[in-house]
Amino acid sequence: VSHVNAVIYARISSDRGVSIEGLGVARQVEDCRALAVARGWTVVEEFIDNDVSASTGKSRPAYERMIEAFRGRRANGLVVWDLDRLTRQPRELEDFIDLADSYKVELASVGGEIDLGTEQGRMLARMKGNLAKYEVEQQSRRLKRKFLERAQEGKPHGKVAYGYRREPVLGDDGRIIDTVEVLHEAQAEVVRECTRRLLAGESVRRIVADLNAREVPTPRGHLWDGTMLRQVLRRQRNAGRRVHRGVVVGKGAWPPLLDEDTFDRVQALLSDPSRRTTRGNEVQHLLSGIARCGIEGCDGVMRVTLGRMNGGKQAPTSYNCRKCYRIRRKKADVDAVVERVVVARLSRPDGPDLLAGDPELLASARAAADTIRARLNLAADKFAGGEIDGDQLARITASLRPQLDARETEVRAASPAREFDRFAGREIAASWAEAELEVRRAVIARLMTVTLMPTGSGGTFDPASVQIKWSSSRDEL
Ligand SMILES: [Zn+2]
């Protein structure tokens, strides 16, 4: 038997819980050196992969170099701590067995002798490999299962969210056995305050400016901006809902910051396209982004063009279709027509009802939404349990998601809009006149669609070219 020039291969495991936990690479190498000495082998090189899992199939640079060392016949022996350090994928093991055959590589492992040169040794190695693969799969299933269980129990996952802090739960022996989330009162109050102000008609921009002026700390201690505030206000968890893989799967085990109605109304407000303002433009207009273009097949959205000085004459500010540019109407004329119609409609005895929501529709839409959420939940369950694969889950989610969105839209439409309470039991014209622009815009967007129809050649304004269609079926005009 010729002399064995051996290499040592060691790997820091990131497959936690599967193999010997915390087995430092220094220990591995030390044991391997001792084994090489015991067998009378010369160690010519040591290859160490840091924090790389053998199961993920990611490249292991030191492993590759080791293979090259055998191919280059610089070594003909290998010492590992255990076979699972070397490979956890059966395919890779077969490759290694082929290589060991071709280059007559001898293998020694601290965890037991496996001679890849014999059929028995190979079978043992394969069994070990399959066992390792099985363990890895189990491990990943266990983890998925754990996350799903936590979700189903409504337990939080990940970082603690703004508005909450995490408190340890102690066992009888005084050790920490779990954590619970409780309200962070100061932060919770910020969320509630912003919600209230938003529903009262204030703009995100104004609230953000105020928070920064008062030096209210953000989740990460920087300055507030609109995106961050929206993110904070849009978290389903604020209403006590637990989200798993982007889907609400049930009630959270933490106290809600807001009641569900209030939360849903804020979502409606934040997702309302008519609220989206043009960037950096402080000036808002009654119908910009709300009124639509009446040119056949256009359906563009109206924006405001500010009146410019033109040959010493001030051109009037106007609504202008930003898609086809074929509709242009003086803003003051259009606003006057729409406001007159809204005030007249709200002044009728049943006017305030239009803003009161529809409890029956609300209940049925909520129930339907819950059913769809339960189906999504079931699909996530099946995925975690290995009954369906990721593609199937994606397909199921893709078909259910739009249905859920539609139901949620219904929920929003049927919810009472308490920010419009001021219109109840008062003289409408007066409360309309003093309502903030955002509130007036929200009322219009809720009650009607405004379309600016084309008219003949120029000339005088025709009020009939402002087409108003009521959203409620009771108001076919
Ligand atoms: Zn148009």
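Everything discussed here concerns the structure shown above.
Here the structure is a predicted model, which means the values were calculated and not measured. (Residues numbered from 1 in each chain as written. Predicted model: local features only at pLDDT ≥ 70, side-chain atom pairs only at ≥ 80, totals over all residues. Heavy atoms only, no water.)

## With respect to the coordination of the zinc ion
Counted only if it meets this: Each metal site is built from N, O and S donor atoms within 2.8 Å (3.2 Å for Na, K and Ca), and since water is not included, such sites may look incomplete. Summary of the burial criterion: residues with accessible area below 20% of their type's maximum are buried, those above 50% are exposed, and those between are partly exposed, where the area comes from a 1.4 Å probe applied to protein chains only.
Bound to the zinc ion on the protein side are C293 (SG), C298 (SG), C321 (SG) and C324 (SG), at distances that span 2.2 to 2.3 Å. Along the chain, the residues donating to the zinc ion are arranged with the sequence spacing C-x4-C-x22-C-x2-C. A relative accessible area of 0% places C321 in the buried class. Of the residues examined, C324 reaches a relative accessible area of 23% and is grouped as partly exposed.

## What to know about the pattern of salt bridges
Two side chains that carry opposite charge are able to pair once their charged atoms sit near each other. The condition that has to hold: One side-chain nitrogen of Lys or Arg within 4 Å of one carboxyl oxygen of Asp or Glu is enough to make a salt bridge. Secondary structure follows DSSP: runs of H or I at least 4 residues long count as helices, runs of E at least 2 residues long count as strands, and numbering of each begins at the N terminus.
This model, assessed by the stated rule, comprises 22 salt bridges. Here E189 and R196 are joined by a salt bridge, their closest N and O atoms 3.2 Å apart. The salt bridge involving R214 is made with E193; its shortest N-O contact spans 2.9 Å. Placement of the pair is R214 in the loop between α7 (204-213) and α8 (226-233) and E193 in helix α6 (residues 185-199), with a sequence separation of 21 residues. By relative accessible area, which is 43% here, R214 ends up partly exposed. With a relative accessible area of 15%, E193 lands in the buried category. Taken together, the shared-partner salt bridges connect E193, R197, E202, R206, D210 and R214 into one network.

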